[in-house]
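# Descriptive structure summary
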Amino acid sequence: MPAQIHRGTLANLRRLAGVLRRGGLVAVPTETVYGLAANALDAQACRRIFRAKRRPANDPLIVHVADLRMLRQVAEPNDAVARLARVFWPGPLTLVLARKAAVPPVVTAGLPSVAVRMPAHPLLRRLLRICGLPLAAPSANPFGHVSPTTAAHVQEGLGQTIAHILDGGPCRHGLESTIVDIRDPLRPVLLRPGVITAAQLGRVLGVPVHIATRRVAAGSAGQQSALAPGLLARHYSPRQPLIIHQRITAAMVARRGTDEAWICFRKPAWTGGAKNIFWLSAAGDLREAGRRLFALVHRLDRGGWKRLHAELAPSAGAGHAINDRLRRAAGRRS
Ligand code: TXA
Ligand code: MG
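Residues numbered from 1 in each chain as written. Chains lettered and ligands numbered in written order. Predicted model: local features only at pLDDT ≥ 70, side-chain atom pairs only at ≥ 80, totals over all residues. Heavy atoms only, no water.

## Observations regarding the site of ligand 1
Neighbouring ligand 1 are 26 residues; Thr32, Arg55, Asp59, His64 and Ser177 lie closest to it. A distance of 3.0 Å is found between a nitrogen atom of ligand 1 and a side-chain nitrogen or oxygen belonging to Ser113. Out of a free accessible area of 680 Å², ligand 1 has 98% covered by protein chains. The element best represented in the shell around ligand 1 is strand 7 (residues 113–117), accounting for four residues. The class makeup of the residues in the shell around ligand 1 is 13 nonpolar, eight polar and five charged. (Near = heavy atom within 4 Å. Polar contact = N/O pair within 3.5 Å; in protein donor to acceptor, adjacent residues only side chain to side chain. Areas by Shrake-Rupley, 256 points an atom, 1.4 Å probe, with all protein chains shown as cover. Helix = DSSP H or I, 4+ residues; strand = E, 2+ residues; numbered from the N terminus. Nonpolar A, V, L, I, M, F, W, Y, C, P; charged D, E, K, R; others polar.)

## Brief notes about the side chain of Arg125
Tracing the backbone through its elements, the reader meets Arg125 in helix 6 (residues 122–131). Buried charge without a partner: Arg125 forms no salt bridge, and the closest opposite charge is Asp67, 7.0 Å away. Beyond its immediate stretch of four places on either side in the chain, Arg125 contacts Ala66, Pro90, Met118, Pro119 and Ala120. (Buried < 20%, exposed > 50% of the residue type's maximum accessible area, 1.4 Å probe, protein only. Lys, Arg positive; Asp, Glu negative; His and termini not counted. Salt bridge = Lys/Arg side-chain N within 4 Å of Asp/Glu carboxyl O. Contact = heavy atoms within 4.5 Å.)

## Describing the packing of aromatic side chains
Throughout the structure, instances matching the rule amount to one aromatic pair. Taking 6.0 Å as the distance between ring centres and 80° as the angle between the ring planes, the aromatic pair formed by Phe278 and Trp305 counts as edge-to-face. Here Phe278 is found in strand 15 (residues 277–281), whereas its partner Trp305 is found in the loop between helix 10 (286–301) and strand 16 (307–311), with 27 residues between them in sequence. Side by side, Phe278 and Trp305 carry an identical accessibility label, which is buried. (Phe/Tyr/Trp six-rings, centres within 6.5 Å; stacked < 30°, edge-to-face > 60°.)

## Points about the confidence of the model for the chain
Predicted confidence across the chain gives a mean pLDDT of 93, with 92% of residues reaching 70 or more. Here residues 216–230 is modelled with pLDDT under 50, and outside its nearest four sequence neighbours on either side it reaches 25 contacts, counting other chains as well. (pLDDT = per-residue confidence, 0-100.)

So this is what it looks like as structure tokens:
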């Protein structure tokens, strides 16, 4: 039976809070992508997340909190948390902090750290407050697939595996949160780019943010996963091969068959109404491009194309995050 899709009425939120309290799973909307949530303090419930997603046990989960009081249940805050929270929370920023003992090791894949985020989506915030529990939630897609930005994407990927999806509409950002390790506030390390950039974080923290470059292979065990588990080289993969280009030109398109689809960053002047040319933002707006990227990849994934091509975004602002996801979808180390 497919999962039930719930609208965000108070009665439904109360029901779903009950599911979470009893150790069940609920797919939830966030402002970044949909997440697959369980009580972060319940090891058994969190194991269900890994099973549903077929996620390797060495890839830790992000814990979502309603407020700083809830954060203190799961992590040791430091000065940097207060400063970043004031500017960026609730919002698309995940902080890696020292973990508290209340968090079962399955959530953090045995690491001494825990990733925490205060999400901005009003339905998830209400759900967090009603159930009063921190919620562990990775993106609500089968492991290695493109993250879902609508309830329909979740249904398509996990509908046969989970029972409940809370529908909060299309996600506002459409790209997963920025992850920064601030256990040492003097040497913050960016583990995953997102719409909040390293430069923005650096300005608030008053120190430069280092960019992690190590990538680890999916499923690699032990020591390696402790370095940067969020940085799997191949991730977000569509079913077809995806090739990335610095620029897509009319001549390139003309050389290939009409069974290959092209994702331009902005609307090209030369489309001529061709059915295999797509763009992320007609006017080249980075925010809009970020919001539409995964939805477009989801759509093209079902389109029966032989091959997908995508053009890199300008490397500014959210462009870094877009290009990071494109390179990973192409299986490239970058
Ligand atoms: O926007 C988001 O962050 C979404 C929504 C649902 O909140 N969540 C998300 O979760 O993208 P997920 O599991 O797909 O990606 C989280 C990444 C993982 O790759 C994981 O390795 C990394 O965060 N991570 C989690 N805990 C960590 C830790 N203690 N240290 C370093 N990386 C960690
Ligand atoms: Mg994910």
